[in-house]
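Secondary and tertiary structure notes
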Amino acid sequence: MVMDVIVGLVPLAPLAGFLLIGLLNKQLRTWLAGLIACGSVLVSFLLSAALFIAMGDDQPSFTYTAFEWIAAGDFAVSFSFLVDPLSIIMMLIITGVGFLIHVYSTGYMHGDEGYNRFFAYLNLFIFFMLLLVMGSNYLLMFVGWEGVGLCSYLLIGFWFKNTEYNNAAKKAFIMNRIGDVGLILGVIMIFLHFGSLSYPEVFAQAAELNAGTGFITTITLLLFVGAVGKSAQIPLYTWLPDAMAGPTPVSALIHAATMVTAGIYMIARNNILYTLAPATLDVVAVIGVATALFAATIAIAQNDIKKVLAYSTVSQLGLMFLALGVGAYTTGIFHMTTHAFFKALLFLGAGSVIHAMSGDQDIRNMGGLRSYLPITFATFLIATLAIAGLPPFAGFFSKDEILAHTFASSPILWGVGFLASLLTAFYMFRLFFLTFAGTSRASESVRSHLHESPSSMTFPLIVLAVMSAIGGFIGIPAVFGGGHALNNFLAPVFAGSAALAQPHHINHSTELILMGVVVGLTLIVIYFAYNQYVKKASIPAPESAQRSGFEDLVYNKYYVDELYDKVVTRPLEFLSRALDTLVERLMIDQVVNSAGRVVTWGGKTLRLLQTGNTGFYVFAMVISIIILFVVKTFI
Amino acid sequence: MNDSVSQMIQQVPLNHYIWLSAALFVIGVLGVLYRRNAIVIFMCIELMLNAVNLLMVAFSAWHGTAAGQVFVFFVMAVAAAEVAVGLAILIVIYHNTGSTDINVLNKLKW
Amino acid sequence: MSLYIFYFLAFLAVFSALMVVFSRNPIYSVLYLVITFFSVGGHYLLLSAEFLFAVHIIVYAGAIMVLFLYVIMLMNLNKESEAPKKTLYQFAAVISAGLLMMVVVGAVRGAEQAQIGLGANPALGTVKNLGSMLFNEFLLPFEVVSVLLLAAMVGAVMLGRNPLRTRRQSLKGAAQTRPSHAADVKDAPIENVKQLTNE
């Protein structure tokens with residue numbers, strides 16, 4: 001009973017926060033709004049931690065049904081939550097990192113006129129994300145899925161007076177929706193084939209199926225389409241760089257740590273279905289690794305600090321999908337966890353830099369910020385080391401595990417992934433050196449304002465830095481003699497898949513060799529970056545510079561946006577205009593206006609009955625009597 | 001005595017009374033539509049009322065109760081009242097417009 | 001025998017009704033209407049409604065028709081001053097009336113052949129019978145009709161008064177002929193009322 005209340009309270013607290021702040025928007029003092037928002041997420045985090053501690057061998061999962069939601073004939077869906085190892089990890093990340101970002105936002109958004117609205121939206125986002133990961137059926141997950149899309153739209157277009165930001169928000173939402181078509185179709189097919197939308201029932205039935213059947217492949221592919229939209233893989237990734245128009249805490253929370261990981265979560269949750277469809281897993285792996293490399297190549301030429309991090313997110317998500325695609329579900333979750341820490345830290349650090357630089361985001365104008373922003377510098381360095389994959393930081397363990405499993409499955413995929421990792425190290429350290437090292441290239445007025453951020457912003461940075469440093473130790477692989485704690489913890493969730501398909505094994509020596517190769521080459525790449533940007537102090541070319549061939553291609557993001565515009569947007573606009581003039585104006589409007597015209601005409605005609613002549617009125621009465629008489633007697 | 005009494009009782013079909021009453025009523029309607037003089041129209045309305053009275057008395061005799069006749073009683077009272085007030089109105093109209101032609105009274109529109 | 005009386009009275013009623021409608025002179029219409037009333041009254045007698053016959057003659061022929069005659073003479077309408085309606089409207093009137101007749105007749109076609117026994121129940125229309133019914137079952141309508149007649153009387157009187165403007169003018173004229181001092185001005189309303197009642 002107590003557990004039920006706790007489980008129910010976890011999503012309820014942020015929802016209450018949203019309602020309170022949202023309804024009392026104008027009346028609340030800003031400090032109070034911030035307090036309520038952070039407090040509600042903190043409550044959720046503490047309750048999630050309590051659930052995590054309470055989880056053990058005797059209580060592997062909690063379920064709590066709030067109420068019977070839909071009951072229509074044979075179709076019944078209940079509003080129920082499932083807290084098992086997978087969802088508790090997600091909940092801890094969402095509420096933990098979310099809490100830190102809330103605290104950060106109290107400092108970052110200080111003085112903004114939409115301060116209260118921002119926190120209301122953030123709380124709403126946490127609520128929906130929790131619904132997504134806690135729901136025990138596809139419908140509730142879908143509610144959360146759409147809800148986080150909505151909050152993403154609201155938060156990206158937070159400074160709504162700027163049309164470009166609004167366009168970015170629209171783009172994000174629409175691309176998400178394109179993916180959602182696949183998701184909805186997948187869910188419908190699940191219902192058609194399994195007769196239920198509840199996870200336990202579907203997975204129980206799926207466990208008895210044979211692998212490789214057609215409809216399972218279709219279902220998993222459709223679900224993956226949804227993941228492609230939400231988690232920004234090729235071809236639905238272009239919204240994420242544009243989404244950097246939103247405030248930096250939003251980028252940290254939504255587009256680094258939580259929303260974009262919804263796709264990963266969904267595939268991990270449906271691991272049984274995916275294990276039964278090896279073809280789809282291949283597709284997932286290929287798309288994932290292709291995206292990883294593709295985005296990494298774009299990132300090396302970007303000059304906006306947030307854009308680099310955005311493409312880095314896309315690339316890292318690709319690596320996570322690669323892990324899922326080779327059947328290493330736990331590894332995907334592991335990398336997602338460590339990525340949440342260091343990517344959020346990177347974004348928050350970038351926010352700190354932007355805050356200090358009075359809003360300038362171009363790294364060509366930065367430099368030498370080490371002396372001005374010491375805490376930011378230190379935490380950013382830890383995060384960059386983590387993402388580059390250097391031991392003993394978090395990123396090393398997770399990324400290495402991905403590469404190891406990939407190598408066991410397919411060396412070619414390993415090669416591409418390896419290349420993507422090297423590029424990651426390169427562009428991250430390029431970013432780091434251009435921002436913090438050397439001498440300041442900022443203008444005099446900006447330089448005079450350079451200051452370290454307030455403690456509300458640096459405190460989360462420090463906490464996240466600690467997590468990035470030690471977070472990897474939850475998954476020490478066997479090769480180092482550690483019991484992989486995360487693996488054991490998540491084992492029950494993936495037990496079904498493990499029974500069906502043996503994960504590829506890699507012997508320890510190969511793994512150590514691979515590790516050594518990767519780390520070694522990464523160090524070389526970092527040195528190369530150091531050489532380029534610190535020793536030689538080369539600054540990237542300004543906007544208007546001439547670029548040749550490949551450089552031009554990657555600087556302009558391979559012209560993908562322009563391609564989409566030509567191939568998709570323009571034809572749709574044309575179709576829309578054609579339908580407007582043809583169908584709307586000529587047909588529908590005519591029908592609707594005719595209704596009005598008929599009434600007017602009828603009125604004009606009936607008016608002629610009122611002649612005013614009493615004799616005519618009597619005559620009309622007599623005629624009416626005759627008609628009534630006839631109708632009554634004979635009909 | 002009984003023979004003469006039974007001889008005196010003649011049977012008239014009820015339908016005849018219905019037709020007679022209908023004829024009088026229809027002639028009244030005809031008069032209302034046909035004439036322009038307001039007073040003649042009034043008289044035709046009285047004709048219609050009479051037709052109805054006749055019908056009710058006929059049915060009262062057919063049923064054997066006096067309820068129909070009592071109703072005729074009330075109809076007559078109402079007709080008298082109606083004539084009084086109607087003619088008063090007619091006189092006022094005549095004072096205002098100077099004629100009894102109903103086509104003059106054509107302002108009852110919109 | 002009664003049957004012949006019935007047919008004679010019926011024919012007389014219809015003929016004089018037609019003459020009411022088609023007479024040029026309104027006075028002739030009134031007289032023909034009186035004949036119609038008498039024939040209908042005769043029907044009442046046939047149907048054992050003696051009291052009703054008496055009331056019918058007194059009220060209709062005696063009061064209502066006299067009222068009509070007063071009004072016609074008041075308006076000096078004995079001349080034929082009425083232009084007939086347009087031919088189209090005359091046709092429409094006749095045709096619609098004919099339609100109505102046909103509909104009514106058609107409605108009772110096929111009804112069972114019922115017979116009324118003339119004189120079968122002579123005690124039906126006696127004063128005693130009607131009176132007992134009137135004061136027992138129909139007491140409320142009886143009382144309400146008296147209120148109705150009162151309302152008609154008041155209405156007729158109100159309608160027959162002089163219009164307000166001329167009344168005021170006549171009163172003003174009467175007031176100005178009197179010597180004007182304060183007492184009279186105060187008493188003016190009462191004087192007006194007295195004027196009205198003296199009119």
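Residues numbered from 1 in each chain as written. Chains lettered and ligands numbered in written order. Predicted model: local features only at pLDDT ≥ 70, side-chain atom pairs only at ≥ 80, totals over all residues. Heavy atoms only, no water.

Moving on: the overall build of chain C. Counting its regular elements, chain C contains eight helices and one strand. Along chain C, helices and strands appear, N-terminal first, in the series α-α-α-α-β-α-α-α-α. A burial count over chain C gives 33% of its 199 residues as buried. Sequence separation of 24 or more characterises 60% of the internal contacts of chain C that already satisfy a separation of 6 or more. Roughly 12100 Å² of accessible area belongs to chain C as shown, and the carbon and sulfur atoms make up 69% of that amount. (Helix = DSSP H or I, 4+ residues; strand = E, 2+ residues; numbered from the N terminus. Buried < 20%, exposed > 50% of the residue type's maximum accessible area, 1.4 Å probe, protein only. Contact = heavy atoms within 4.5 Å. Areas by Shrake-Rupley, 256 points an atom, 1.4 Å probe, with all protein chains shown as cover.)

Residue and element names in this part refer to chain A. If you trace the backbone, S44 turns up in helix 2 (residues 30-54). In sequence terms S44 and I382 are 338 residues apart; their C-alpha atoms lie 28 Å from each other. Beyond its immediate stretch of four places on either side in the chain, S44 contacts L9, V10, A13, P14, T95 and L130.

Glancing now at unusual backbone geometry. Residues and elements named next belong to chain A. I234 connects to P235 through a cis peptide bond whose omega is 0°. As for its placement among the helices and strands, P235 is situated in the loop between helix 8 (214-230) and helix 9 (239-242). For the bond running from P391 to P392, omega is -5°, close enough to zero to count as cis. Inspection of the secondary structure puts P392 in the loop between helix 17 (374-388) and helix 18 (394-409). Residues other than glycine seldom take positive phi values, yet S358 does so here, at roughly 60°. Given the relative accessible area of 49%, S358 is considered partly exposed.

Now for the confidence of the model for chain C. Per-residue pLDDT for chain C averages 82, and the proportion of residues at 70 or more is 82%. In the predicted complex, the global pTM is 0.71; the interface-specific ipTM is 0.88. (pLDDT = per-residue confidence, 0-100.)

The interface of chain A with chain B comprises 11 residues on the first partner and 11 residues on the second. Summed over both partners, the interface of chain A with chain B buries about 840 Å², with 61% contributed by carbon and sulfur atoms. Taken together, chain A and chain B are joined by zero salt bridges. Counting across the chain A and chain B interface gives zero residue pairs in polar contact (both at pLDDT 80 or more). With six residues, helix 27 (residues 614-634) of chain A is the single largest residue contributor to the side of chain A that touches chain B. Along the lines of polarity and charge, the residues of the side of chain A that touches chain B split into four nonpolar, six polar and one charged. (Buried area = accessible area lost by both parts, 1.4 Å probe. Salt bridge = Lys/Arg side-chain N within 4 Å of Asp/Glu carboxyl O. Polar contact = N/O pair within 3.5 Å; in protein donor to acceptor, adjacent residues only side chain to side chain. Nonpolar A, V, L, I, M, F, W, Y, C, P; charged D, E, K, R; others polar.)

So, on to the pairing of strand 1 (residues 62-72) of chain A. Residues and elements named next belong to chain A. Taken together, the nine bridges between strand 1 and strand 2 (residues 75-83) define a ladder with antiparallel strand orientation. Bridge pairing in strand 2 places E68 opposite S78. Linking strand 1 to strand 2, which pair antiparallel, is a turn of two residues; within it G73 sits at a positive phi near 65°. (Pairing = 2+ DSSP bridges.)

Residue and element names in this part refer to chain A. For the pair helix 13 (residues 278-299) and helix 14 (residues 305-325), interaxial distance at closest approach is 7 Å and the crossing angle is 160°. When the axis of helix 13 is compared with that of helix 14, the two are roughly antiparallel. Once helix 13 is placed against helix 14, the crossing between them reads as left-handed. Mapping the contact onto sequence places L281, V284, A285, G288, V289, T291, A292, A295, A296, I298 and A299 in helix 13 and V308, Y311, V314, S315, G318, L319, F321, L322, L324 and G325 in helix 14. Across the contact of helix 13 with helix 14, the residue classes break down as 16 nonpolar, five polar and no charged. (Axes fitted to C-alpha atoms, helices over the stretch in contact; angles between N-to-C directions. Parallel < 35°, antiparallel > 145°, perpendicular 65-115°, else oblique. Left-handed = near helix turned anticlockwise from the far one by under 90°.)

Attention now moves to the pattern of salt bridges. All names here are of chain A. Enumeration over the complete set of coordinates arrives at 11 salt bridges over all chains. Notably, a salt bridge pairs D180 with R177, separated by 3.6 Å at the nearest N-O pair. Here D180 and its partner R177 are both found in helix 6 (residues 163-194), three residues apart, which amounts to about one turn of the helix. With a shortest N-O distance of 2.9 Å, D362 and R364 are connected by a salt bridge. A residue is classified by how much of its surface remains accessible, and R364, at 11% relative accessible area, is buried. Within this structure, K171, D242, K557 and D561 form a network of salt bridges that share partners.

Contact residues are listed per partner, giving 80 residues for chain C and 69 residues for chain B. Interface area for chain C against chain B, summed over the two sides, is near 7000 Å², with a carbon-plus-sulfur share of 76%. Counting across the chain C and chain B interface gives zero salt bridges. Taken together, the elements giving at least two residues each to the side of chain C that touches chain B come down to helix 1 (2-22), helix 2 (26-46), helix 3 (50-74), helix 4 (87-108), strand 1 (115-118), helix 5 (127-136) and helix 6 (139-160) of chain C. Across the side of chain C that touches chain B, the residue classes tally to 61 nonpolar, 16 polar and three charged. Strand direction decides the pairing type here: strand 1 (residues 10-13) of chain B and strand 1 of chain C, joined by four bridges, are antiparallel. Bridging across to strand 1 of chain C, Q11 of chain B finds its partner in G117 of chain C.

So, on to a nonpolar patch on the surface. A surface patch of nonpolar side chains, about 550 Å² in accessible area, is lined by L563, V567, V568, L572, L575 and L579 of chain A. Positionally, V567 of chain A belongs in helix 26 (residues 560-607). (Patch = residues over 30% accessible without salt bridge, like charges linked within 9 Å, V, L, I, M, F, W, Y side chains within 5 Å.)

Turning to the packing of aromatic side chains, a few remarks are in order. Residue and element names in this part refer to chain A. Summed over the entire model, instances satisfying the criterion amount to 50 aromatic pairs over all chains. Summarising the aromatic geometry, the rings of W414 and F418 are spaced 5.0 Å apart at their centres and angled 5° between planes, so their arrangement reads as stacked. Taken together, the residues span about one helical turn, with W414 and F418 both in helix 19 (residues 411-436) at a distance of four residues. Residues W414 and F418 agree in their burial class; the two are buried. (Phe/Tyr/Trp six-rings, centres within 6.5 Å; stacked < 30°, edge-to-face > 60°.)

Residues and elements named next belong to chain A. Inspection of the secondary structure assignment puts H335 in helix 15 (residues 329-356). Judged by its relative accessible area of 0%, H335 is buried. Apart from the residues within four sequence positions on either side, H335 is in contact with Q316, M320, F342, S398, K399 and I402.

This part takes up the state of the cysteines. The full count for this structure, using the stated rule, is zero disulfides over all chains. Unpaired in this structure, C38 of chain A has its nearest cysteine sulfur neighbour in C151 of chain A, at a distance of 17 Å. (Disulfide = S-S within 2.5 Å.)

Residue and element names in this part refer to chain A. Turning to helix 7 (residues 199-206), its buried residues are Y199, V202, F203 and A206. Looking straight down helix 7, one finds that the buried residues subtend no more than 90° of arc, so they occupy a single side. Tucked into the core, helix 7 has its buried residues touching strand 2, helix 5 (138-156), helix 6, helix 11 (262-269) and helix 12 (271-275). (Arc of directions from axis to C-beta.)

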